[in-house]
Amino acid sequence: MLEKVELENLSKGNIVAYGEIYRGELNTSSLEILSPLKEIGKTLNKKLVLVCLIDSLKDIKNLEEIRKSLADEVWFVINEELKDFREDLYAEVLVKIIESSQPYGFFFPATKIGMSLAPRIAGALNIGLCAHVNSLEVKDNQIVMARPTYGENIIAKLISKSTPVMATISLGAFSIKYGIEEPLMKEIVFPKDFVWKSKLKIRNFTPFKKKPTKLSTAKVIVAGGRGLKNKENFQKLFELAEILGAEVGATRPVCYEGWVEEERMIGISGVIVRPKVYIGFGISGALQHTVGMENSEYIIAINTDKEAPLVKMANLALIGDAEKILDLLLKKLSK
Amino acid sequence: MEKIIVCIKGVPKPGTIKVDPETRTLKRESLELILNPNDRVALEMAGRLKNTYNTEVIVISMGPPNVVPLLKHAYALSADQMILLSDKAFAGSDTLATSYVLAKAIKKLSPFSLVLMGLKSIDGETAQVPPETASLLGIPSLTNVKNLFLENNKWIAIREIDYGEEEVEVEPPLVVSISPTAFDYIRPPSLKKLIEVKSKEPLVWQAKDLDLDPQKLGLQGSPTQVVEVSEKKIEAKGIILEGNPEELAEKLLEIFKEKGLIRL
Ligand SMILES: Cc1cc2nc3c(=O)[nH]c(=O)nc-3n(C[C@H](O)[C@@H](O)[C@@H](O)COP(=O)(O)OP(=O)(O)OC[C@H]3O[C@@H](n4cnc5c(N)ncnc54)[C@H](O)[C@@H]3O)c2cc1C
Ligand SMILES: Cc1cc2nc3c(=O)[nH]c(=O)nc-3n(C[C@H](O)[C@H](O)[C@H](O)COP(=O)(O)OP(=O)(O)OC[C@H]3O[C@@H](n4cnc5c(N)ncnc54)[C@H](O)[C@@H]3O)c2cc1C
């Protein structure tokens, strides 16, 4: 049984993270964002709270993960109307929680759901929202957030003048850490007159057939870019990945060319990765790509151009033809 | 059916983006603007709905006067009317201040059945404007929509989330952002309309035409602020090896062993 707290009695001034639960399963990106928020909480002496909207507690598949999380408290809102994700109702519920608990900060993982939900809340409360943040720090008692911007190699640091400070945090930008103490679990009791109504009706759900890629948590990544020349060459990366126990990643142009699914895109428009070893075949290393992989422990670049940015940032760069080297590798490894 | 409104944004041609060192926002006035590529997909959706339901399509854009050619292009693609939302007071808007002006303009165009937007811009790339505008209008929003049709006067949308696709039913009005991969084929503009638009100019609405709170506009009405812009420096830190492919492949195998990726 959960301890029940009336909406108006929620503790104030916390740092709150959105715990995305879809069809009974917590999206682990919500656990990722707790890692930097815990640090911020420590610096500012604020409690870290995870808020989850669900229709029933007993159906949650990975409750264990929540129990092990870094959160100091977990607040559940439980109502059968919350079974489906409906952004208008979900936003209204969260707006009520923000109004009563006046958090210092409110953060979302930049999932499709998070990015659909957070702006509705920002609009309703007339507050700022920073997008795709991949680093947070406290400076002069203020949360400063960094996000990459486009076209040129520019990193912008942003603040939000309104409270709560709100942002969506890039997927994979932080790794999951676990806490020492189990968080306090509470159920928020909404006032009787709250109307649990949405204008949206979810008529059908078709899950993706393919399993989502494990890119963001992969230990080894073999990635390919335009320098691999064609789809056929690109497909050979899957053979190499199989041998090395790696995942396959890609740059945006090759995803758009249809050499591989967009789920494998690494970078600002795709996934952020931090493997132990990253190998880039024929990738130039544009900022939009490198912000997604720069925290890899060991970077290998294979490129014909000595001046390519990825060659410069690599721990090991091989100046040569990516296709030839890939073919030779496969030949040697299959022996 | 009531009208469909499409919001389009002029974005700097990739590679030409400059930051104003003083306000730390993107310099837009001096730039060559192109139509945000994702908005092309929203216009395609509008064109297809227009063919099916014979509805009126209005295209609007908030930006400097150099977005007019883009509005005209959008007109030739699928619109019946163009509106430019332009005022010095709008400069430096973040997503909240942008959504505020868009919501006021859309409200002025009521009643409407649907607002179409791109998933995200290629400059700010926040993807926040569509849901934020809907929230300010007090109407529902859906993002990443791949298909859209009417059934018994209700919108049926197929939208993508991280887990799969949902079919959602909602009564109009509604704001949606269209998935960049919604269509396999995008139709070119009609020749007739390309000629027709030459003699047309968009309606221009300024701040005074929209019943706006001046506190909520532009840079000063934007709660998010860029405090620092820094260029990323790339330093050489590793080993660069040249050689024939055979030698390089051998070197890679060595590293694979060293890192424990392969045994032999
Ligand atoms: C370095 C930098 C970082 C920034 N970071 C943030 C941030 O974190 N948070 C924030 O709130 N703002 C931020 N901004 C400001 C933001 O990018 C704006 O320019 C804002 O006006 C539009 O947001 P967007 O381009 O991200 O639009 P998106 O939400 O990505 O655009 C989605 C769709 O909305 C419609 N749309 C967007 N703008 C217009 C328009 N002017 N007219 C008509 N339709 C439009 C289009 O259909 C578009 O496809 C940042 C700006 C800079 C320079
Ligand atoms: C708003 C925006 C968002 C973006 N988001 C992303 C993103 O999330 N992820 C992303 O990856 N990109 C993104 N991009 C695109 C990005 O700017 C680059 O264009 C892209 O990363 C380049 O991909 P590439 O390295 O495959 O291709 P290229 O830049 O064309 O590089 C190909 C490289 O291959 C080398 N090469 C050529 N022949 C050979 C050979 N035979 N053997 C070995 N090497 C060879 C070349 O020297 C070159 O360095 C974005 C762009 C914009 C504007």
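What you are looking at is a predicted structure, and each value in this text was computed from that prediction instead of being measured.

**What to know about the pairing of strand S12 (residues 165–169) of chain A**
Residue and element names in this part refer to chain A. Of all five residues that make up S12, five are buried, and the element is covered over most of its length. Neither face of S12 is open: one carries Val165, Ala167 and Ile169, the other Met166 and Thr168, and all of them are buried. Of the pairings in the sheet, the one linking strand S7 (residues 105–109) to S12 comprises five bridges and is parallel in character. Its bridge partner lying in S12, Pro109 is registered against Ile169. Relative to S12, strand S8 (residues 130–133) runs parallel, the two being bridged by two bridges. From the neighbouring strand, Cys130 faces S12, where its bridge partner is Ala167.

**Re the site of ligand 2**
Residues in close proximity to ligand 2 total 28 residues, the closest being Thr251(A), Ser269(A), Ser284(A), Asn303(A) and Asp321(A). Chains contributing residues near ligand 2 are chains A and B. Between ligand 2 and Asn303(A), the relevant distance is 2.8 Å, taken from an oxygen atom to a side-chain nitrogen or oxygen of the residue. Elements that contribute at least two residues to the shell around ligand 2 include exactly helix H7 (252–256) and helix H8 (287–290) of chain A. The residue makeup of the shell around ligand 2, split by class, is 10 nonpolar, 13 polar and five charged.

**Focus: the packing of aromatic side chains**
The geometry of an aromatic ring pair comes down to the distance between the two centres and the angle between the two planes. Considering all chains together, one arrives at 10 aromatic pairs over all chains under this definition. With 5.0 Å between their ring centres and 70° between their planes, Phe190(A) and Phe194(A) make a pair best called edge-to-face. For the pair shown, Phe190(A) and Phe194(A) are each scored as buried. When the ring of Phe190(A) is compared with that of Trp196(A), the centres are 5.3 Å apart and the planes differ by 55°; the resulting orientation is tilted. Cluster of aromatic residues (ring-pair linked, three or more members): Tyr18(A), Phe106(A) and Phe108(A). When the ring centre of Tyr75(B) is taken as origin, the NZ or CZ atom of Lys193(B), which lies over that ring, is 4.3 Å away.

**Comments concerning the sheet that holds S12(A)**
All names here are of chain A. With parallel pairing, eight strands are arranged side by side in an open sheet as S1-S13-S6-S5-S2-S7-S12-S8. The sheet terminates laterally at strand S1 (3–6) and S8, the two strands that pair on one side only. Strand-to-strand twist in this sheet, taken as the mean axis angle between neighbours without regard to direction, amounts to 30°. Here strand S2 (residues 15–19) runs beside S7; their pairing, made up of three bridges, is parallel. Note on S7: the bridge partner recorded for Ala17 is Phe107. In the packing of helix H2 (residues 34–44) onto the sheet, contacts are made with S2, strand S5 (48–54) and S7, and the angle to S2 comes to roughly 170°.

**Here's the deal with the domain arrangement of chain A**
Residues and elements named next belong to chain A. When cut into domains, chain A gives domain 1 (3–189) and domain 2 (220–334). Averaged C-alpha coordinates put domain 1 and domain 2 at centres separated by 33 Å. With 14 residues of domain 1 at the contact, the number on the domain 2 side is six residues. Summed over both sides, the interface of domain 1 with domain 2 buries roughly 830 Å², with 61% coming from carbon and sulfur. At the junction of domain 1 and domain 2, the tally comes to zero salt bridges. Taken together, the connections running from domain 1 to domain 2 amount to one residue pair in polar contact (both at pLDDT 80 or more).

**Structural notes on the pattern of salt bridges**
Evaluated as defined, the whole model comprises 38 salt bridges over all chains. When the shortest N-O distance is used, the salt bridge between Glu73(A) and Lys47(A) registers 3.1 Å. With Glu73(A) in strand S6 (residues 73–78) and Lys47(A) in the loop between H2 and S5, this residue pair connects regions lying 26 residues apart in the sequence. One salt bridge connects Glu250(B) with Lys332(A), and the closest N-O pair in it is separated by 2.7 Å. Of this pair, Glu250(B) sits in helix H6 (residues 245–258) while Lys332(A) is found in helix H10 (residues 322–334), placing the two residues in two different chains. The class for Glu250(B) is partly exposed, based on a relative accessible area of 39%. What emerges from the salt-bridge pattern is a single network uniting Arg203(A), Glu151(B), Lys154(B), Glu167(B) and Glu169(B).

**Quick word on the site of ligand 1**
Near ligand 1, the surroundings consist of 36 residues, among which Lys9(B), Asp39(B), Thr95(B), Ser121(B) and Thr126(B) are the closest. Taking Asn36(B), its side chain carries an N or O atom lying 3.1 Å from an oxygen atom of ligand 1. The backbone of Met62(B) places a nitrogen or oxygen atom 2.9 Å from a nitrogen atom of ligand 1. Coverage of ligand 1 by the protein amounts to 96% of the 940 Å² it exposes when considered alone. Looking at the shell around ligand 1, the elements with two or more residues in it are S8, strand S10 (142–149) and strand S11 (154–160) of chain A together with strand S4 (57–62), helix H3 (95–108), strand S6 (112–118), helix H4 (129–137) and strand S12 (224–231) of chain B. It is H3(B) that provides the largest number of residues to the shell around ligand 1, a total of three residues. Class assignment for the residues of the shell around ligand 1 results in 16 nonpolar, 12 polar and eight charged.

**Quick word on the interface of chain B and chain A**
Counting from both sides, the interface comprises 78 residues of chain B and, opposite them, 80 residues of chain A. Where chain B packs against chain A, one counts nine salt bridges. The closest approach of N and O atoms between Arg203(A) and Glu151(B), which form a salt bridge, is 3.0 Å. The tally of links between chain B and chain A comes to 35 residue pairs in polar contact (both at pLDDT 80 or more). At the level of secondary structure, the elements contributing two or more residues to the side of chain B that touches chain A comprise H4, strand S7 (141–151), strand S8 (154–161), strand S9 (164–170), S12, strand S13 (239–242) and H6 of chain B. It is H6(B) that contributes the most residues to the side of chain B that touches chain A, 10 residues altogether.

**Here's the deal with the sheet that holds strand S15 (residues 220–224) of chain A**
Taken in spatial order, the six strands of this open sheet run S16(A)-S15(A)-S17(A)-S18(A)-S19(A)-S13(B), and their pairing is parallel. In this open sheet, the two edge strands, each paired with only one partner strand, are strand S16 (247–250) of chain A together with S13 of chain B. Here the strands of the sheet are splayed against their neighbours by 20° on average, with no regard to which way each runs. Across the sheet, H6(B) lies against strand S17 (277–281), strand S18 (298–303) and strand S19 (316–319) of chain A together with S13 of chain B, angled at about 160° from S19(A), the strand it touches most.

Calculation rules
- Residues numbered from 1 in each chain as written.
- Chains lettered and ligands numbered in written order.
- Predicted model: local features only at pLDDT ≥ 70, side-chain atom pairs only at ≥ 80, totals over all residues.
- Heavy atoms only, no water.
- Buried < 20%, exposed > 50% of the residue type's maximum accessible area, 1.4 Å probe, protein only.
- Helix = DSSP H or I, 4+ residues; strand = E, 2+ residues; numbered from the N terminus.
- Pairing = 2+ DSSP bridges.
- Near = heavy atom within 4 Å.
- Polar contact = N/O pair within 3.5 Å; in protein donor to acceptor, adjacent residues only side chain to side chain.
- Nonpolar A, V, L, I, M, F, W, Y, C, P; charged D, E, K, R; others polar.
- Phe/Tyr/Trp six-rings, centres within 6.5 Å; stacked < 30°, edge-to-face > 60°.
- Lys NZ or Arg CZ within 6 Å of the ring centre and 35° of its normal.
- Axes fitted to C-alpha atoms, helices over the stretch in contact; angles between N-to-C directions.
- Contact = heavy atoms within 4.5 Å.
- Domains from an automatic or database assignment.
- Buried area = accessible area lost by both parts, 1.4 Å probe.
- Salt bridge = Lys/Arg side-chain N within 4 Å of Asp/Glu carboxyl O.
- Areas by Shrake-Rupley, 256 points an atom, 1.4 Å probe, with all protein chains shown as cover.

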